[in-house]
Amino acid sequence: MGASLSAEADSHLVCVQNDDGVYQTQANSFTGNPRKVTGASFVVFNGALKASSGYLAKSSIVEDGLMVQITRETMDALRQALQEKKDFDIPCGKADACESREYVNICWTSGKADVNKGVTSPVDGKSLHGMQCVKMLQEMEFETDGKLVRCTEIFYLPKEQGAHGSSISATCLQFAKEIATACSAGLCPHLRTLKTRGMNKLGLRVSTNADIVEYQMGSGGQLLPQHYLNDLDSALIPVIHGGNLDTSSLPLEMEFVFFIIENLI
């Protein structure tokens, strides 16, 4: 399970590579303050622990995250608890130990998640605080003159009040991947110019409805000049208009974040 930075943590696990190429775990914290709550980047639940090992469960720090080794029976119970959105406790240590145990507690919390705090749109500076976000891994590379463009994440902007956190269908995700690929292709002829002018982070906002389909693209809170949009129109418009979305997915507004980087290989 991937995690994000917690505002409640006073320190966070980080993985640092030393001069010998070996990775080591460190905990970064505020100078002069005792560590009380330490954040992690991920949690792995490994259901391969055998009952014959003599352990109920094992927990350990791995790089900048936490590994919890549990038995197959505990894994089945954990899955059931997650499906039912119930709290779940995992006691760690030897089964026959008498000393106090360590526990891994999975707890469901109330209230709205404080995600993407301080994040703003490259298109027009609009706040993306609280918006649902999906990390993007493109299957194709788009490169021109030693410059690469990559889509790194997609924000889903609710068109209706209270729509935050609603589920994203597989059709929407596929549609988003097609848009990201088309936009990357449309940006390719301009990568060197854009990066030279400091526009290495760009945003693409796509709005689709039953009656209208449109897009905006910008960087640094300003829309891109018109001369960049001809190649984008040719690449994007056929994909956006040809999206196979059912009416239950509409209206839909997505914002894509792209970065232009150097290919150092």
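Residues numbered from 1 in each chain as written. Predicted model: local features only at pLDDT ≥ 70, side-chain atom pairs only at ≥ 80, totals over all residues. Heavy atoms only, no water.

Visitor: What exactly am I supposed to notice about the overall build of the chain here?
Guide: Of the regular secondary structure elements, the chain holds 4 helices and 15 strands. Overall, the chain is about 75 × 50 × 35 Å in size when its C-alpha atoms are taken along their principal axes. Scored against the burial criterion, the 265 residues of the chain give a buried share of 32%. A separation of at least 24 residues holds for 62% of the contacts in the chain among residues at least 6 apart in sequence. Total accessible area computed for the chain in this model is approximately 16,200 Å², and 50% of it derives from carbon and sulfur atoms. Distance between charge centroids for the chain: 3 Å, based on 23 positive and 31 negative side chains. (Helix = DSSP H or I, 4+ residues; strand = E, 2+ residues; numbered from the N terminus. Buried < 20%, exposed > 50% of the residue type's maximum accessible area, 1.4 Å probe, protein only. Contact = heavy atoms within 4.5 Å. Areas by Shrake-Rupley, 256 points an atom, 1.4 Å probe, with all protein chains shown as cover. Lys, Arg positive; Asp, Glu negative; His and termini not counted. Charge placed at Lys NZ, Arg CZ, Asp CG, Glu CD.)

Visitor: Is there a simple way to explain the sheet that holds strand β5 (residues 55-62) in this structure?
Guide: Adjacent strands of a sheet pair through backbone hydrogen bonds, lying either parallel or antiparallel. Read across the open sheet, the 5 strands follow the order β4-β6-β5-β7-β8; overall the sheet is mixed. Both outer strands of the open sheet, β4 (43-49) and β8 (102-106), are each paired with one neighbouring strand and no more. Going across the sheet, the axis of each strand differs from the next one's by a mean of 35°, ignoring polarity. Relative to strand β7 (residues 88-94), β5 runs antiparallel, the two being bridged by 2 bridges. For alanine 57, the partnering residue across the bridge sits in β7 and is glycine 93. Where helix α1 (residues 72-83) meets the sheet, its contacts fall on β4, β6 (65-71), β7 and β8, and the angle it forms with β6 comes to roughly 115°. (Pairing = 2+ DSSP bridges. Axes fitted to C-alpha atoms, helices over the stretch in contact; angles between N-to-C directions.)

Visitor: How should I be thinking about unusual backbone geometry in this particular structure?
Guide: Among all residues except glycine, the phi angle is most often negative; among peptide bonds, the trans geometry is most common. Positive phi is not limited to glycine here, since glutamate 63 has a value of about 55°. Structurally, glutamate 63 is set in the loop between β5 and β6. On the accessibility criterion, glutamate 63 (43% relative accessible area) is partly exposed. Of note in this structure, lysine 85 is not a glycine but carries a positive phi near 55°. Judged by relative accessible area, lysine 85 falls into the exposed class, the value being 59%.

Visitor: Just to check I follow, could you spell out the side chain of serine 207 for this structure?
Guide: Mapped onto the fold, serine 207 is located in strand β12 (residues 201-208). Since its relative accessible area comes to 9%, serine 207 is described here as buried. There is a polar contact of 2.8 Å between the side chain of serine 207 and the side chain of glutamate 253. (Polar contact = N/O pair within 3.5 Å; in protein donor to acceptor, adjacent residues only side chain to side chain.)

Visitor: Can you help me understand the pattern of salt bridges in this one?
Guide: A full pass over the atoms with the stated rule returns 9 salt bridges. Glutamate 141 is the partner of arginine 150 in a salt bridge, and the nearest nitrogen-oxygen pair spans 2.9 Å. Accessibility expressed as a relative area gives 35% for arginine 150, which makes it partly exposed. Close ionic contact of glutamate 262 with lysine 147 constitutes a salt bridge, the shortest N to O distance being 3.5 Å. (Salt bridge = Lys/Arg side-chain N within 4 Å of Asp/Glu carboxyl O.)

Visitor: What is the right way to read the environment of valine 37 from this model?
Guide: As for its position among the elements, valine 37 is in the loop between β2 (23-29) and β3 (38-39). Taking the C-alpha atoms as reference points, valine 37 and alanine 57, 20 residues apart in sequence, are found 22 Å from one another. Setting aside residues up to four positions removed in sequence, valine 37 forms contacts with Glu8, Ala9, Asp10 and Ser11.

Visitor: Explain the pairing of β12 to me, please; I cannot follow it from the model alone.
Guide: Two faces make up the sheet, and in a regular strand the side chains alternate between them. When you tally the buried positions in β12, you get 7 out of 8 residues, the bulk of the element. The turn joining β12 and strand β13 (residues 213-219), which pair antiparallel and follow one another in sequence, is formed by 4 residues.

Visitor: Please explain the sheet that holds strand β1 (residues 11-17) as it appears in this structure.
Guide: Strands sit in the order β2-β1-β3 across an open sheet of 3 strands; the sheet is mixed. In this open sheet, the two edge strands, each paired with only one partner strand, are β2 and β3. Two strands pair when backbone bridges link them, and β1 and β2 are joined in this way by 7 bridges, in the antiparallel orientation. From the neighbouring strand, cysteine 15 faces β2, where its bridge partner is threonine 25.

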